[in-house]
Amino acid sequence: MKVFALVAAAATLIAVAAPASAQFAKPEDAIKYRQSSLFVMGQHFGRVGAMASGRAPFDAKVAADNAEIVASMAKLPWAGFGPGTDKGTTKAKAEIWTEQAKFKDSSDKLIVESGKLAAAAKTGNLDAVKTAFAATAATCKACHDAFRAQ
Ligand code: ASC
């Protein structure tokens with residue numbers, strides 16, 4: 001019974017950890033993966049942004065649902081920036097690979113700020129959402145300015 005429980009726990013851990021440590025058959029797949037996850041994240045972030053800016057009426061449940069997706073998606077793209085994925089259909093700058101600590105710091109900031117955004121959205125307080133949205137968007141912009149070609 002004990003061994004079974006251990007095996008079950010390990011299987012669960014692997015299943016949960018797998019997306020964040022995605023392995024790719026070829027570099028193009030990694031590029032497609034990071035672009036797709038950034039695109040999906042951007043779509044959901046935009047829905048929160050529309051409410052934060054007043055372009056859409058504030059609906060606390062919609063904001064919370066979308067912000068939670070952003071916070072989850074924020075963990076994914078980075079596995080797609082492995083070695084050998086710097087060439088192809090990509091705006092990724094060489095600095096991603098030559099300044100890896102800085103790039104990691106940038107992605108970590110997004111993960112932290114989008115987590116705060118999700119927490120803010122759960123409170124249902126629009127002002128808190130506005131503040132956290134701005135802080136999160138600033139991490140998007142800083143990383144794009146440093147690491148994404150125009
Ligand atoms: C968005 C989006 C981004 C960021 C960035 C913030 O809504 O899709 O990439 O905000 O524009 O400056």
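Our subject is the structure listed above.
An account of the accompanying structure is given in this report. (Residues numbered from 1 in each chain as written. Predicted model: local features only at pLDDT ≥ 70, side-chain atom pairs only at ≥ 80, totals over all residues. Heavy atoms only, no water.)

With respect to the site of the ligand
Now for step 1: Looking at the ligand, the residues that line it are Phe45, Ala137, Cys140, Lys141 and His144.
Now for step 2: Expressed as a share of its isolated accessible area of 310 Å², the protein-covered part of the ligand is 56%.
Now for step 3: Residue classes in the shell around the ligand are distributed as 3 nonpolar, 1 polar and 1 charged. (Near = heavy atom within 4 Å. Areas by Shrake-Rupley, 256 points an atom, 1.4 Å probe, with all protein chains shown as cover. Nonpolar A, V, L, I, M, F, W, Y, C, P; charged D, E, K, R; others polar.)

As for the nonpolar core
Now for step 1: Of all hydrophobic cores here, the largest spans 29 residues; its most connected members are Phe81, Ile96, Phe103 and Leu117.
Now for step 2: Residue assignment for this core shows that the elements contributing at least two residues are helix H2 (27–52), helix H3 (60–73), helix H4 (95–98), helix H5 (100–123) and helix H6 (126–147). (Core = buried A, V, L, I, M, F, W, Y, C linked by side-chain atoms within 4.5 Å. Buried < 20%, exposed > 50% of the residue type's maximum accessible area, 1.4 Å probe, protein only. Helix = DSSP H or I, 4+ residues; strand = E, 2+ residues; numbered from the N terminus.)

Observations concerning the pattern of salt bridges
Now for step 1: According to the stated counting rule, one finds 9 salt bridges in the structure shown.
Now for step 2: Here Asp86 and Lys87 are joined by a salt bridge, their closest N and O atoms 3.2 Å apart.
Now for step 3: The class for Asp86 is partly exposed, based on a relative accessible area of 33%.
Now for step 4: Lys109 is the partner of Asp105 in a salt bridge, and the nearest nitrogen-oxygen pair spans 3.2 Å. Of this pair, Asp105 and Lys109 both sit in helix H5, separated by 4 residues, roughly a single helical turn. (Salt bridge = Lys/Arg side-chain N within 4 Å of Asp/Glu carboxyl O.)

Remarks on the state of the cysteines
Now for step 1: Counted by the stated rule, this structure contains 0 disulfides.
Now for step 2: Counting only cysteine sulfurs, Cys143 is the nearest neighbor of Cys140, a cysteine outside any disulfide, at a range of 8.5 Å.
Now for step 3: Cys140 sits in the partly exposed class, given a relative accessible area of 25%. (Disulfide = S-S within 2.5 Å.)

Quick look at a nonpolar patch on the surface
Now for step 1: A cluster of nonpolar side chains, contributed by Phe39, Val40 and Ile69, occupies part of the molecular surface with about 250 Å² of accessible area.
Now for step 2: Mapped onto the elements, Phe39 comes out in helix H2.
Now for step 3: Using a relative accessible area of 54% as the deciding quantity, one classes Phe39 as exposed. (Patch = residues over 30% accessible without salt bridge, like charges linked within 9 Å, V, L, I, M, F, W, Y side chains within 5 Å.)

By themselves, these figures tell us nothing about what the structure is for.
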